[in-house]
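Understanding the architecture of this molecule
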Amino acid sequence: MTPILYSYRRCPYAMRARMTLKYAGIEYEHREIDLRNKPQSMLLLSPKATVPVFSVDGIVLDQSLDIMFWSLAKSDPDGWRMVDEEVSQIWIEKNDGAFKRLLDQYKYPNRFPDLNPEDVLNGAMDLMLDPMENALKSNQYLLGNQMSWVDVAIFPFIRQFAAVNPPSFEELPFEALKLWLKQCLESDLFISVMDKHPTWIDA
């Protein structure tokens, strides 16, 4: 049975899963969902009803990091996992936790009328963008001069953050971070997983 991935093109969690599956050379059937009309076949596999959902050999993986690690256990030609595990975990917990909350507040200010947008931006800079800039001044990537799974896991969220207000992002004093983001955006790997797919409809 060909593995199946339920995905949504612009979802950062689905993006990092697709990039890692592609990198690992895993063939799968892509099922692009409509967020307002999720297919029953996906909901039966994963009641949490969020993408990505990956079904392979009778296993269902519905957390993007689990899909990444499953893929890398199958194939990791450039050694994406050969980085410090403790440092990696610190980056990921920060990104998937507090930074994701700040990203939502920054992207959807109308949902958070009690928050000052400037405070949200400053919080994101202090928490994530400043430390990333410092790391990227020393190395091409977050954990060295080779891309790792940490870069791929975090990149879609920084992409989303930069896209909220591109002129404002360009004015921020993070030249190393902007270069890293540009390299990720222009990479063959990222471009290869951003094809548009028709919406999947259960038969």
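Residues numbered from 1 in each chain as written. Predicted model: local features only at pLDDT ≥ 70, side-chain atom pairs only at ≥ 80, totals over all residues. Heavy atoms only, no water.

Once that is clear, we can look at the nonpolar core. Core analysis: the biggest nonpolar cluster contains 46 residues, and Met 132, Ile 154, Ile 158 and Trp 180 have the highest contact counts within it. Elements with a contribution of two residues or more to this core: helix H1 (12–23), helix H3 (64–74), helix H4 (85–107), helix H5 (117–138), helix H6 (149–164), helix H8 (175–185) and helix H9 (188–192). Ranked by the residues each element gives to this core, the list is headed by H6, at 10 residues. (Core = buried A, V, L, I, M, F, W, Y, C linked by side-chain atoms within 4.5 Å. Buried < 20%, exposed > 50% of the residue type's maximum accessible area, 1.4 Å probe, protein only. Helix = DSSP H or I, 4+ residues; strand = E, 2+ residues; numbered from the N terminus.)

Turning to H3, a few remarks are in order. Within H3, the full set of buried residues consists of Ser 64, Leu 65, Ile 67, Met 68, Trp 70, Ser 71 and Leu 72. Buried residues along H3 sit against strand S1 (4–7), H1, strand S3 (53–56), strand S4 (59–61), H4 and H6. (Contact = heavy atoms within 4.5 Å.)

Note on placement: Ser 46 falls in the loop between helix H2 (40–45) and S3. Since its relative accessible area comes to 1%, Ser 46 is described here as buried. A distance of 2.7 Å separates polar atoms of two side chains, one belonging to Ser 46 and the other to Asp 62. Ser 46 has contacts with Val 53 and Asp 62, leaving out every residue within four places of it along the chain. (Polar contact = N/O pair within 3.5 Å; in protein donor to acceptor, adjacent residues only side chain to side chain.)

Once that is clear, we can look at the pairing of S3. Within a regular strand, the side chains alternate between the two sheet faces. A two-sided burial pattern is seen for S3, the buried positions comprising Val 53 and Ser 55 on one face and Phe 54 and Val 56 on the other. Note: S1 against S3, 3 bridges, orientation antiparallel. What sits directly across from Leu 5, in S3, is Phe 54. Bridge count between S3 and S4: 3 bridges; the pairing is antiparallel. In the strand pairing of S4, Ser 55 is matched with Val 60. (Pairing = 2+ DSSP bridges.)

Direction vectors running N to C along H6 and H8 enclose 105 degrees, while the axes themselves pass 10 Å from each other. The orientation of H6 relative to H8 falls into the category roughly perpendicular. In this structure, H6 contributes Asp 151, Ile 154, Phe 155, Ile 158, Arg 159 and Ala 162 to the contact, and H8 contributes Leu 177, Trp 180, Leu 181, Cys 184 and Leu 185. (Axes fitted to C-alpha atoms, helices over the stretch in contact; angles between N-to-C directions. Parallel < 35°, antiparallel > 145°, perpendicular 65-115°, else oblique.)

Once rolled over the atoms, a probe with the size of a water molecule shows which space is left empty. By volume, the largest pocket amounts to about 650 Å³. Looking at the largest pocket, it is lined by 29 residues, and the ones nearest its centre are Cys 11, Pro 12, Tyr 13, Lys 100 and Gln 160. Taken together, the elements giving at least two residues each to the lining of the largest pocket come down to H1, H3, H4 and H6. Class assignment for the residues of the lining of the largest pocket results in 14 nonpolar, 4 polar and 11 charged. In this structure, the second largest pocket occupies an estimated 240 Å³ of space. Looking at the second largest pocket, it is lined by 13 residues, and the ones nearest its centre are Lys 22, Tyr 28, His 30, Ser 192 and Val 193. (1 Å grid on protein atoms, 1.4 Å probe; cavity = no way out; pocket = protein on both sides within 12 Å on 5 of 7 lines; lining within 4 Å. Points joined across faces, edges and corners; volume = space filled by probe spheres on them. Nonpolar A, V, L, I, M, F, W, Y, C, P; charged D, E, K, R; others polar.)

The next point concerns the packing of aromatic side chains. In this structure the tally under the stated criterion is 8 aromatic pairs. Between Tyr 13 and Phe 157 the ring centres are 5.0 Å apart and the planes differ by 75 degrees, which places this aromatic pair in the edge-to-face class. Remark: Phe 157 occurs in helix H6 and Tyr 13 occurs in helix H1; sequence separation between them is 144 residues. Given the relative accessible area of 24%, Tyr 13 is considered partly exposed. Summarising the aromatic geometry, the rings of Tyr 106 and Phe 161 are spaced 4.4 Å apart at their centres and angled 20 degrees between planes, so their arrangement reads as stacked. Within this pair, whereas Tyr 106 is found in helix H4, its partner Phe 161 is found in helix H6, the two being separated by 55 residues in sequence. Exposure remark for Tyr 106: the relative accessible area of 14% places this residue in the buried category. A residue is classified by how much of its surface remains accessible, and Phe 161, at 1% relative accessible area, is buried. (Phe/Tyr/Trp six-rings, centres within 6.5 Å; stacked < 30°, edge-to-face > 60°.)

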